[in-house]
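# Working through the structure, step by step
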There are 2 protein chains.
Amino acid sequence: MKHPTILDVANEAGVSKSLVSLVMRDSDRVSASSREAVLKAASALGYRPNAAARTMVRRRSYVVGVMVSDLRNPFFADVIDGIDMAVTDAGYRAILTTGNRAPERERLAIATLLEMRVDGLILASPVVGGEFVIDASRTVPTVIVGKAIRASTIDSVTNDDRRGAEMVIDHLVELGHRCIAHIDGGVGAGAGPRRSGYARSMRRHGLEDDIRSMRGGFTEEGGSTGMTDLLAEGARPTAVFVANDLAAIGALDVIDGAGLNVPGDISIVGYDNISLVAGHRLGLTTVDQPRHDMGRMAAGLILEKIEQDRPSASHVVLSPKLIVRESTGPPPL
Amino acid sequence: MKHPTILDVANEAGVSKSLVSLVMRDSDRVSASSREAVLKAASALGYRPNAAARTMVRRRSYVVGVMVSDLRNPFFADVIDGIDMAVTDAGYRAILTTGNRAPERERLAIATLLEMRVDGLILASPVVGGEFVIDASRTVPTVIVGKAIRASTIDSVTNDDRRGAEMVIDHLVELGHRCIAHIDGGVGAGAGPRRSGYARSMRRHGLEDDIRSMRGGFTEEGGSTGMTDLLAEGARPTAVFVANDLAAIGALDVIDGAGLNVPGDISIVGYDNISLVAGHRLGLTTVDQPRHDMGRMAAGLILEKIEQDRPSASHVVLSPKLIVRESTGPPPL
DNA sequence: GATTCAGGTTGGAACGTTCCAAGAGGTCCT
DNA sequence: AGGACCTCTTGGAACGTTCCAACCTGAATC
């Protein structure tokens, strides 16, 4: 028999299906003897409850779905870990799908979760946005991590990207830099605010003529092409703010390959503070985001929305923190 | 209305539920006019098929479940990407759960997938093994990636870890090293064969007295504690083979922190060839595994098993490839 | 000895699909 | 005109649970 059902267990144990159901959800109003008989039968048959059937009749799945834009970025591992823990503690389960930063695949990944009737949807730094996401949020509680969306139905957990970018520029200006370029995150979540925070801060320091934003992306590759383009353009900046750590790693490698010294010739700053950039080899100055907490908070918001269906949208904004390491220093003379 | 059903759509469109069902699975025997009416009604109501109901009656979910032991390791991102692509191309969908290298959580993650009645189960480098996994494989086609299990019901896709380890040792011996230590992967998938490959190769080179295996783990932290312990013991080896790249990064950082030179004082080798270690900063000599292909092959095996239920177990073993970079060199004089 | 009560157990309806056998209309052939 | 045969459409049963109201049994109460 492929998958024994509750009825098979009932037969084996000589009781009704209802009683088996009670035992499975361990109700307290079944006698010790029946409970034992049922459990014995269940394990003898290798019974496993069928979540699909359960979901149907309860019209709740007790599952939270998480769509992750980019599994390659270790940033998300911690966010997911936070989500998973909080959700598990509350008696739910988390499942993931991934979109690989491709809008079409992201949409499919989200649709999969919606069709499975997850009770809550968490989007970790989605590339897609707009109507599609808003539509989704109309049928299921939705939280976005890493980016905010203007819609009254969608909660968000972000760090203050604009502020983080400003802290970076302040730090560089303080070191004496004026010619500071930015390699952006393209269409990625949070890329916009970081870019505009950069520009705003530059203007605030009277450096509007030195604003220079290059196209990059939230990947190693994005960082390296951005840096390659930047170096090719001539008029080398003395510092570069790269949209995230992964891209900064790519950018650093291009600089190393060009025989330039960091921070002697050029200072580099990233964003995220993933553990890989903390070591002596990279020693990247970056902006820390409390990843694990972001995951926990996202889960908290979702659970709150599921269980008390709070009508209004919450937007949690966490404070970024500058982490200074060896990749930044005074500009060359 | 929270979730419109096929019946709501039928009412709206003025047809029977059966016809709506046919349109949804786009059957070719519905008239153009009804098809249009149904689609219009469906999108007006925001109808989304309920996968739980579908799974119930078809007794197939068209979903492949993937349990990933460690999302922090970028190695898996590529494996998952390969799985996702192959599975999607075949008309299935992939969902993930994660166990965070903790056996208890892994078991829960697997149970979640089984209860959802996934049609196939892929375990990416699970820490758990034994009865639990074998039980699972009795009810659903199962493939393990990164580790082999002796059971006639379980397929596996691995690289030849033992051989890979031997290639590492051969390389180091050729450079002139004799005192070569190993920081292992603990209980992680593939850790055993790499450890024994190391030991066997050392013996083969007549270096049995120099065998020294330290406890590590497949994480940065594991590598750094392993290396810290190793350095604390005195009698510093001239080369260390670390169980994977992530751990090697941790180990390198400890070495850097101790003021030692790589490869001048000590050579380091990793395993996996994740992109992060390829750059100038780390330049880690390592062993390449064809991650993406491993994912595709795992998916291929699962689909084959699902659709043609092949009875016997397949074990695919891929060839590792040594990638020599700057972290290895001749031993100090 | 009848009545109430509590503890334990039960069958049936419902959830939202798919599948199947069968029905409704048309067209075409003889 | 009658039948055969299309094409399109339909209602009902089934999938494996949960939930509910109802039932049974024996003990406690009057």
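Residues numbered from 1 in each chain as written. Chains lettered and ligands numbered in written order. Predicted model: local features only at pLDDT ≥ 70, side-chain atom pairs only at ≥ 80, totals over all residues. Heavy atoms only, no water.

### Examining the overall build of chain A
Worth spelling out the cut-off: Secondary structure elements are taken from DSSP: a helix is a run of H or I of four residues or more, a strand is a run of E of two residues or more, and numbering for both begins at the N terminus. Using C-alpha atoms as the atom set, the radius of gyration is obtained and then compared with a globule rule of 2.2 Å times the number of residues to the power 0.38. Accessible area is worked out with a 1.4 Å probe on protein chains only. A residue is then buried under 20% of its type maximum, exposed over 50%, and partly exposed in between. In this analysis, two residues are considered to be in contact whenever any of their non-hydrogen atoms come within 4.5 Å of each other. Throughout, the Shrake-Rupley method with a 1.4 Å probe supplies accessible areas, and for residues the shown protein chains are the sole cover considered. For this count, His and the chain ends are skipped, Lys and Arg are scored as positive, and Asp and Glu as negative. Taken as the charge centre is NZ of Lys, CZ of Arg, CG of Asp or CD of Glu, depending on the residue.
Within chain A, the regular secondary structure consists of 12 helices and 12 strands. Against the globule reference of 20 Å for 333 residues, chain A gives a C-alpha radius of gyration of 25 Å, more extended than a compact globule. Counting only C-alpha atoms, chain A reaches 90 × 40 × 30 Å along its principal axes. Sorting the 333 residues of chain A into buried and exposed places 58% on the buried side. Counted over contacts in chain A with a minimum sequence separation of 6, partners at least 24 positions apart contribute 69%. If you sum the accessible surface of chain A, you get close to 13500 Å²; carbon and sulfur atoms cover 50% of it. The positive charge centre, built from 38 side chains, and the negative charge centre, built from 41, are 6 Å apart in chain A.

### Re the protein's contact with DNA strand D
This is how the line gets drawn: Near, as used in this document, describes a residue that has one of its heavy atoms within 4 Å of the molecule or strand being considered. Throughout this description, a polar contact denotes any pair of N or O atoms lying within 3.5 Å of each other; where both atoms belong to protein, one of them has to be capable of donating a hydrogen while the other can accept it, and for residues adjacent in sequence the pair is counted only when both atoms sit in side chains. Residues were grouped as follows: Ala, Val, Leu, Ile, Met, Phe, Trp, Tyr, Cys and Pro as nonpolar; Asp, Glu, Lys and Arg as charged; and all remaining residues, including Gly, as polar.
Around DNA strand D there are 25 residues in total, and A:S21, A:R25, B:K17, B:S18 and B:S34 lie nearest to it. By atom count, sugar and phosphate contribute 66% of the portion of DNA strand D lying within 4 Å of the protein. At 3.0 Å from a phosphate oxygen of DNA strand D is found a side-chain nitrogen or oxygen belonging to A:R54. Contacts to DNA strand D include B:S31, whose backbone N or O atom sits 3.1 Å from a phosphate oxygen. Counting residues per element, the ones that place at least two in the surface near DNA strand D are α2 (17-24) and α4 (51-58) of chain A together with α2 (17-24) and α4 (51-58) of chain B. By residue number, the principal contributor to the surface near DNA strand D is α4(A), which donates 4 residues. A breakdown of the residues in the surface near DNA strand D according to their chemical character gives 9 nonpolar, 8 polar and 8 charged.

### Observations concerning unusual backbone geometry
All names here are of chain A. With an omega of 0°, the peptide bond running from V262 to P263 counts as cis. Relative to the assigned elements, P263 resides in the loop between α11 (245-257) and β9 (267-269). With a phi close to 60°, N273 is a non-glycine residue in the positive phi region. Examined against the element boundaries, N273 turns out to sit in the loop between β9 and β10 (286-288). Look at N273 and you get buried, because its relative accessible area is 13%.

### Observations regarding the pairing of strand β4 (residues 142-145) of chain B
Residues and elements named next belong to chain B. Keep this limit in mind: Any two strands with at least two DSSP bridges between them are considered paired. If the strands point away from the viewer and the path from the first strand over the helix to the second runs clockwise, then the crossover is right-handed.
Every second residue of β4 is oriented toward a common face, with T142 and I144 on one face and V143 and V145 on the other, all of them buried. Two elements, strand β3 (residues 120-124) and β4, share 4 bridges in a ladder whose sense is parallel. Its bridge partner lying in β4, A124 is registered against V145. In this view, the connection linking β3 to its parallel neighbour β4 by way of helix α7 (residues 130-139) has right-handed handedness. As paired strands, β4 and strand β5 (residues 154-159) are joined by 4 bridges and run parallel to one another. Residue pairing across strands places T142 opposite I154, the latter belonging to β5.

### Re the sheet that holds strand β7 (residues 212-214) of chain B
Residue and element names in this part refer to chain B. The test is simple: To define axes, lines are fitted to C-alpha atoms, for helices over the stretch in contact only, and angles between the resulting N-to-C directions are given on a 0 to 180 degree scale.
What the 4 strands build is an open sheet, ordered β7-β6-β8-β9; its pairing is parallel. Every interior strand has two partners, whereas the edge strands, β7 and β9 (267-269), have only one. Adjacent strand axes in the sheet meet at a mean angle of 20°, parallel and antiparallel pairs treated alike. Sheet strands in contact with helix α10 (residues 220-232) are β6 (180-183), β7, β8 (239-242) and β9, and its direction is about 140° off that of β6.

### Considerations on the protein's contact with DNA strand C
Around DNA strand C, a shell composed of 25 residues is seen, among which A:K17, A:S18, A:S34, B:S21 and B:R25 lie nearest. Taking the atoms of DNA strand C that fall within 4 Å of the protein, sugar and phosphate contribute 65% of them. Here a base oxygen of DNA strand C and a side-chain polar atom of A:S18 are 2.6 Å apart. With respect to DNA strand C, the side chain of B:Y47 contributes an N or O atom lying 3.0 Å from a phosphate oxygen. Of all the secondary-structure elements, those providing two or more residues to the surface near DNA strand C are α2 and α4 of chain A together with α2 and α4 of chain B. For the surface near DNA strand C, the element with the most residues is α4(B), which contributes 4 residues. Classifying every residue of the surface near DNA strand C by side-chain character gives 9 nonpolar, 8 polar and 8 charged.

### Observations regarding the relation of the copies chain B and chain A
The relation between the two chain copies is a rotation about an axis coupled with a shift along that axis. Using the following cut-off: Superposing the copies works by least squares over the C-alpha atoms of residues that have pLDDT at least 70 in both of them.
When chain B is fitted onto chain A, the two copies agree to an RMSD of 0.1 Å after a turn of 180° and an axial shift of 0.0 Å. Interpreted geometrically, this transformation is the action of a two-fold axis. Interface overlap between copies: 100% of the residues of chain B at the interface are likewise at the interface in chain A, consistent with a symmetric, same-surface contact.

### A closer look at the interface of chain B and chain A
Applied cut-off: Put simply, buried area is how much 1.4 Å-probe accessible surface two parts lose in total, over both of them, once they are put together. In the sections that follow, a salt bridge refers to a side-chain nitrogen of Lys or Arg positioned within 4 Å of a carboxyl oxygen of Asp or Glu.
Contact residues are listed per partner, giving 51 residues for chain B and 51 residues for chain A. With both sides pooled, the region where chain B packs onto chain A buries about 5400 Å², and carbon together with sulfur makes up 55% of that total. When residues of chain B are sorted by the area they lose upon contact with chain A, B:R48, B:R117 and B:R281 head the list and together hold 16% of the total. Counting the contacts that link chain B with chain A gives 10 salt bridges.

### Here we look at the pattern of salt bridges
A side chain of one charge can pair with a side chain of the opposite charge if their charged atoms are brought near each other. All names here are of chain A. Counted according to the given criterion, the structure contains 44 salt bridges over all chains. Notably, a salt bridge pairs R195 with D184, separated by 2.6 Å at the nearest N-O pair. In this pair, R195 is assigned in helix α9 (residues 191-204) and D184 in the loop between β6 (180-183) and α9, connecting sequence segments 11 residues apart. Among the residues examined, R195 registers a relative accessible area of 26% and is labelled partly exposed. Taking relative accessible area as the criterion, D184 reaches 3% and is therefore assigned buried. Through salt bridges that share partners, D155, E304, K305 and R310 make up one connected network.

### Let's talk about a nonpolar patch on the surface
How we decide: For patch detection, residues must exceed 30% relative accessible area and be free of salt bridges, and they are connected within 9 Å for like charges or within 5 Å for nonpolar side chains (Val, Leu, Ile, Met, Phe, Trp, Tyr).
A surface patch of nonpolar side chains, about 380 Å² in accessible area, is lined by A:M56, A:V57, B:M56 and B:V57. Those elements giving two or more residues to the nonpolar patch turn out to be α4 of chain A together with α4 of chain B. Mapped onto the elements, A:M56 comes out in helix α4. Relative accessible area serves as the criterion here: at 34%, A:M56 is assigned to the partly exposed category.

### Looking at the domain arrangement of chain A
How big an interface is tends to be stated in terms of accessible area lost as the parts join. Residue and element names in this part refer to chain A. Just so we agree on the cut-off: All the domain ranges listed were derived from an automatic or database domain assignment.
Per the domain assignment, the segments making up chain A are domain 1 (6-49), domain 2 (61-159 + 290-319) and domain 3 (161-288). Put simply, the middle of domain 2 and the middle of domain 3, counted by C-alpha atoms, are 28 Å apart. Contact residues are listed per partner, giving 14 residues for domain 2 and 16 residues for domain 3. Between domain 2 and domain 3 lies a buried interface of about 1100 Å² when both sides are counted; carbon and sulfur atoms form 49% of it. A per-residue breakdown of the area domain 2 buries against domain 3 is headed by N73, N159 and R291, which together make up 40% of the total. Counting the contacts that link domain 2 with domain 3 gives 0 salt bridges. Viewed at the interface, domain 3 and domain 2 are joined by 4 residue pairs in polar contact (both at pLDDT 80 or more).

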